[in-house]
Amino acid sequence: MILTKAQPGDEKEIRSLYDKVTESMQQQGLNQWQIGSYPVPGMAEADVQAGRMYVVRQGGRIVCAVTVDKEQDAQYANIPWLFGVKPGCFHRLAILPEAQGQGLGKQVLDDVEEILCAQGCDSLRCDTMETNRRALCLYEGRGMRRVGAIHYPPDESRNFPCLEKPLTDDCPLLPVPMTPAFRGGSLTPWGGTKLKDVYGKAITQPTGESLEASCIPGLESTDPTGMKLPELIRKYGAKFAGKYAGKTFPLLLKLLDAKDALSVQVHPDDAFAAANENGKLGKTEAWLILSAEEGSQLVYGIRPGTTREELRAACEKGAAVELLLRRVSVKPGDVCYIPAGCVHAIGAGIVLYEIQQSSDVTYRFYDWDRVDAKGNKRELHLDKALAVTDLSFAGDGVPAPDAPCARVLDKTFFTLDLLRGDNGVQLPEIQSFAFFTALDAGLTLTWEGGAYALRKGETLYLPTTCPRCTLQGKGRAAMSMPK
């Protein structure tokens, strides 16, 4: 180890080192440090006295100084870190200009990691100025990952990218805020604007679907760095997705806004989809009604006693099929289970949360005789739809229980828990991974060493190795997991 703790009496030489590094930065057009302003006068003395200042000595002089500790700047609290509940940091890494370019920085960072591991840290965090290319190259070359940026007064316009890396094999992975993908416009002619108006989603046109956590090709959700969910799974493997690492990702989470009624449709099971849709998964899903205009209804199965032949004949006539549809009224809080084979349609005026198998296979029976601007009707899939329809299904929506944490569904492909954070409620234990969605504003998820304040409608991906979390706040949340 080349780093040693600075000793009382080293302060003057460290301040001189800071000044020389600052002058070198200024000559390169880099205003990250300012003599007399930053590093703050007295900072070196405080670091030496606290035992957190480390130096490298060559030929009797100090050529490098760095502060190593567990202290994080207040701005770090707003960064969506991925690694660790016991982070350590380094600050103010300064290398004498004539000692730079000789590999000293890499050796120092090796020692920094060793020091932090000895202090019980499981991860490393730091920041540097966006224009400090040399530092960024050094840090990223050591395997650090950029995640967000912070700003320091007085010049809030300057970006300081934050970087991190795990230090231990058992370093936990933290909740990941998901940026959704959207399906709107002509792809969801029934969609409205409530995804933006109520949940603040970044849509620019009427949109039916916000794919909150998705591995669907071309519609993948992303983390705050822009990395797609499938890439995250490949990169972090079983620590991120449990037994589903390296396998077909099983679930898809959406928020849907039905300004108008959706088409009457049905989904295949796994066996039919595998045989007829190039090996895709089937589609079993469930809905949690978030809002519903007065009188809102769902199509939820076929009227009892209807035969397959009668259903085909009615579908071939178009609107005649409406007489065979089983309709149920719904209200906010109702939970509806839609197994593969259940004929269904979301009615106008409904916004809902949908957890489903990760599949985009849909067979349409009927689309209310709607036409587009060119007078064309949407494609129907009558033969496949009739082949997979379960004529016996006749379920009803179930009101969600009023409890701090209640498992409202425990089915073959997924579970659904509803939570209320009034007095703080611990989340259920994660099975492989989980999707956690804030249904109201004012909710915060907390865990050892960290917290995240959620926006209404925002979804977090909870990895396999995520620390146990607690929900705080007055609102409701939903949590879905694979079986």
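1. Details of the pattern of salt bridges
Moving on, step 1. With the rule as written, the count across this model stands at 33 salt bridges.
Moving on, step 2. R61 is paired through a salt bridge with E98; the nearest N and O atoms lie 3.5 Å apart. With R61 in strand 3 (residues 61–69) and E98 in the loop between strand 4 (87–95) and helix 3 (104–118), this pair connects stretches of sequence that are 37 residues apart.
Moving on, step 3. Among the residues examined, R61 registers a relative accessible area of 38% and is labelled partly exposed.
Moving on, step 4. Note that R145 and E164 form a salt bridge whose closest N and O atoms lie 2.7 Å from each other. Remark: E164 occurs in strand 7 (residues 160–166) and R145 occurs in strand 6 (residues 145–150); sequence separation between them is 19 residues. For the pair shown, R145 and E164 are each scored as buried.
Moving on, step 5. Overlapping salt bridges bring together D47, R52, D69 and R92 as one network.

2. Notes on the sheet that holds strand 28 (residues 470–472)
Hydrogen bonds between backbone groups are what pair the strands of a sheet, and the pairing can be parallel or antiparallel.
Moving on, step 1. Across the sheet, which stays open at both edges, the four strands sit in the order 23-28-25-26 with antiparallel pairing between neighbours. At either margin of the open sheet sits one strand with a lone partner, and together these are strand 23 (425–426) and strand 26 (450–454).

3. A closer look at the sheet that holds strand 6
Moving on, step 1. Here we have seven strands laid out as an open sheet, ordered 1-2-3-4-5-7-6, and mixed in their pairing. A strand with exactly one partner marks an edge of an open sheet, and here the two such strands are strand 1 (4–5) and strand 6.
Moving on, step 2. The strands touched by helix 3 are strand 2 (53–58), strand 3, strand 4, strand 5 (123–127) and strand 7; relative to strand 3, the strand with the most contacts, the crossing angle is about 35°.

4. Notes on the environment of L104
Moving on, step 1. Within the secondary structure, L104 sits in helix 3.
Moving on, step 2. L104 sits 40 residues away from C64 along the chain, and the two C-alpha atoms are 8.6 Å apart.
Moving on, step 3. If we ignore the near neighbours within four places in the chain, the residues touching L104 are I2, V56, Q58, V63, C64, I95 and A99.

5. Some remarks on the pairing of strand 26
Moving on, step 1. Pairing of strand 25 (residues 443–447) with strand 26 involves five bridges; the strand directions are antiparallel. Across the sheet, residue T446 finds its bridge partner in strand 26, namely A451.

Cut-offs used in this document
- Residues numbered from 1 in each chain as written.
- Predicted model: local features only at pLDDT ≥ 70, side-chain atom pairs only at ≥ 80, totals over all residues.
- Heavy atoms only, no water.
- Salt bridge = Lys/Arg side-chain N within 4 Å of Asp/Glu carboxyl O.
- Helix = DSSP H or I, 4+ residues; strand = E, 2+ residues; numbered from the N terminus.
- Buried < 20%, exposed > 50% of the residue type's maximum accessible area, 1.4 Å probe, protein only.
- Pairing = 2+ DSSP bridges.
- Contact = heavy atoms within 4.5 Å.
- Axes fitted to C-alpha atoms, helices over the stretch in contact; angles between N-to-C directions.

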